[in-house]
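The lines below spell out each chain.
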Amino acid sequence: MSQSNLRVLSIQSHVVSGYVGNKSATFPLQLLGFEVDPLNSVSFSNHSGYKVIRKGQILKESDLDEIISGLKANGLDFYTHVLTGYIFSSSFLTRIADLIGHLRKVNPNLVYVCDPVMGDNGRMYVPEELKDIYRTLIVPLADIVTPNSFEAQLLTGHPVETKQDLYSVVGKLHELGIKTVVVSSTEDAADKLIIYGSSKTDGAGARTTTAEINIPKISGHFTGTGDLFAALFLAWFHRSDLPTALEKATSTVQAVLKRTNEYVESLGGGEGSKHDRELKIIQSKADIENPEVVHKAAVKIV
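Residues numbered from 1 in each chain as written. Predicted model: local features only at pLDDT ≥ 70, side-chain atom pairs only at ≥ 80, totals over all residues. Heavy atoms only, no water.

Looking at an unreviewed UniProt entry, one finds the protein chain named Pyridoxal kinase and attributed to Bemisia tabaci. Database annotation for the protein chain, UniProt heading Sequence similarities (unreviewed entry): "Belongs to the pyridoxine kinase family." (UniProt positions renumbered as here; feature names shortened; annotations may be inferred.)

What follows is the structure in structure tokens.
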């Protein structure tokens, strides 16, 4: 597949102001050579961390069907990748399974990257019923899943409190048939995070490659980092192997967070407002295209 033919259908949230969901994912994917068709599962004024949020639109399954029927009618339903993120409606999420089935008939080599956005830090911010839909219907269809540690716990029913817990939940996710699992942020200590990935190959010479990166936690509260990471990992994993993709995606996210903090500090106003702390993605163009790898992955192949 030539670089010019790479097309991603990205089904995530949209905010008019700020950087989460498709606003976090689209620009980086485009910079890295992908045509991106954003399908906005919801359209909000801003992310939910603000004092006020206005919900302009939450797509229903009938809306999804209508949009996809238009793509089909015009022969526009060939994609090399599908990326799903924040989805609020259970019926809409259920319909994603039918969509993946159709798109795989059009392109049997389709790669589905599922970022099962359900919550963080022990709190769900989607309806409870989405957990079982992800676990039983959606996640088993994915080639790649990128949960955070809390979402990995929700999907497996297994707590993630130690490194061994982390390895166990990744194994449980592999048991669902997922070839590549990346847990994007697990706390190792008060000031450290673990990014851990595992990728299995089948057939002759079958093997499992794992890669683990330990990074310092950057102070401050940020929104949209998981969406950014999933998009970056999709792009770099297409081009390279698991360790390289983890290193490059992680390095870019770290660079964006540092640049965001530097901007806030330049204002001289302490923690800054929610608007001040929106990810500085556009300003990080060079770091997206050519990330400087600072933290190398520890790799095992078995």
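Chemist: I'd like a rundown of the overall build of the protein chain, residues and numbers included.
Modeler: The number of helices and strands found in the protein chain is 9 helices and 12 strands. Taking 2.2 N^0.38 as the reference for a compact globule, 302 residues should give roughly 19 Å; the C-alpha atoms of the protein chain span a radius of gyration of 18 Å, in line with that estimate. Overall size of the protein chain, expressed as C-alpha extent along the three principal axes, is 55 × 50 × 40 Å. In the protein chain, buried positions account for 50% of the 302 residues. A total of about 13500 Å² of accessible surface is found on the protein chain, and carbon and sulfur atoms cover 50% of it. With 30 positive and 34 negative side-chain charges, the protein chain shows a spacing of 1 Å between the two charge centroids. (Helix = DSSP H or I, 4+ residues; strand = E, 2+ residues; numbered from the N terminus. Rg over C-alpha atoms; globule rule 2.2 N^0.38 Å. Buried < 20%, exposed > 50% of the residue type's maximum accessible area, 1.4 Å probe, protein only. Areas by Shrake-Rupley, 256 points an atom, 1.4 Å probe, with all protein chains shown as cover. Lys, Arg positive; Asp, Glu negative; His and termini not counted. Charge placed at Lys NZ, Arg CZ, Asp CG, Glu CD.)

Chemist: Help me get a handle on the pattern of salt bridges, residues and values and all.
Modeler: With the rule as written, the count across this model stands at 11 salt bridges. With a shortest N-O distance of 3.6 Å, K60 and D63 are connected by a salt bridge. By relative accessible area, D63 is classed as partly exposed at 22%. (Salt bridge = Lys/Arg side-chain N within 4 Å of Asp/Glu carboxyl O.)

Chemist: Describe the side chain of T26, and please don't skip the residues or the numbers.
Modeler: Take T26: it is sitting in helix α1 (residues 22-31). Within the structure, T26 has its side chain in polar contact with the backbone oxygen of N22 (distance 2.8 Å). Not counting residues up to four positions away in its chain, the partners in contact with T26 are V36 and P38. (Polar contact = N/O pair within 3.5 Å; in protein donor to acceptor, adjacent residues only side chain to side chain. Contact = heavy atoms within 4.5 Å.)

Chemist: With reference to specific residues and values, describe the packing of α1 against helix α7 (residues 225-239).
Modeler: At their nearest, the axes of α1 and α7 sit 8 Å apart, and the two run at 25 degrees to each other. Classed by the angle they form, the pair α1 and α7 counts as roughly parallel. You can see that α1 and α7 cross each other, and the crossing is right-handed. Here S24, A25, P28 and L29 of α1 come into contact with α7, specifically with D227, L228, A231, L232, L234 and A235. (Axes fitted to C-alpha atoms, helices over the stretch in contact; angles between N-to-C directions. Parallel < 35°, antiparallel > 145°, perpendicular 65-115°, else oblique. Left-handed = near helix turned anticlockwise from the far one by under 90°.)

Chemist: Any chance you could break down the environment of L141 for me, citing the residues and the numbers?
Modeler: For L141, the location among the structural elements is in the loop between α4 (130-138) and β8 (144-145). Judged by its relative accessible area of 28%, L141 is partly exposed. Placed 40 residues apart in sequence, L141 and G101 show a C-alpha to C-alpha distance of 8.8 Å. If near-sequence neighbours (up to four positions away) are discounted, L141 is found in contact with A97, I100, R104 and Y112.

Chemist: With reference to specific residues and values, describe the environment of I67.
Modeler: Locating I67 in the fold gives a position in helix α2 (residues 61-73). Taking the relative accessible area as the measure of exposure, I67 reaches 37% and is therefore partly exposed. Separated by 102 residues in sequence, I67 and V169 have C-alpha atoms that sit 36 Å apart. With sequence-adjacent residues up to four places away left out, I67 is seen in contact with L39 and L59.

Chemist: Break down the nonpolar core for me, with residues and values.
Modeler: In terms of nonpolar packing, the biggest core is built from 50 residues, with I96, Y134 and I138 touching the most fellow members. Sort the elements by how many residues they give to this core and helix α3 (residues 90-106) lands first, with 7 residues. Beyond its immediate stretch of four places on either side in the chain, I96 contacts I11, L64, T84, I87, Y112 and I138. (Core = buried A, V, L, I, M, F, W, Y, C linked by side-chain atoms within 4.5 Å.)

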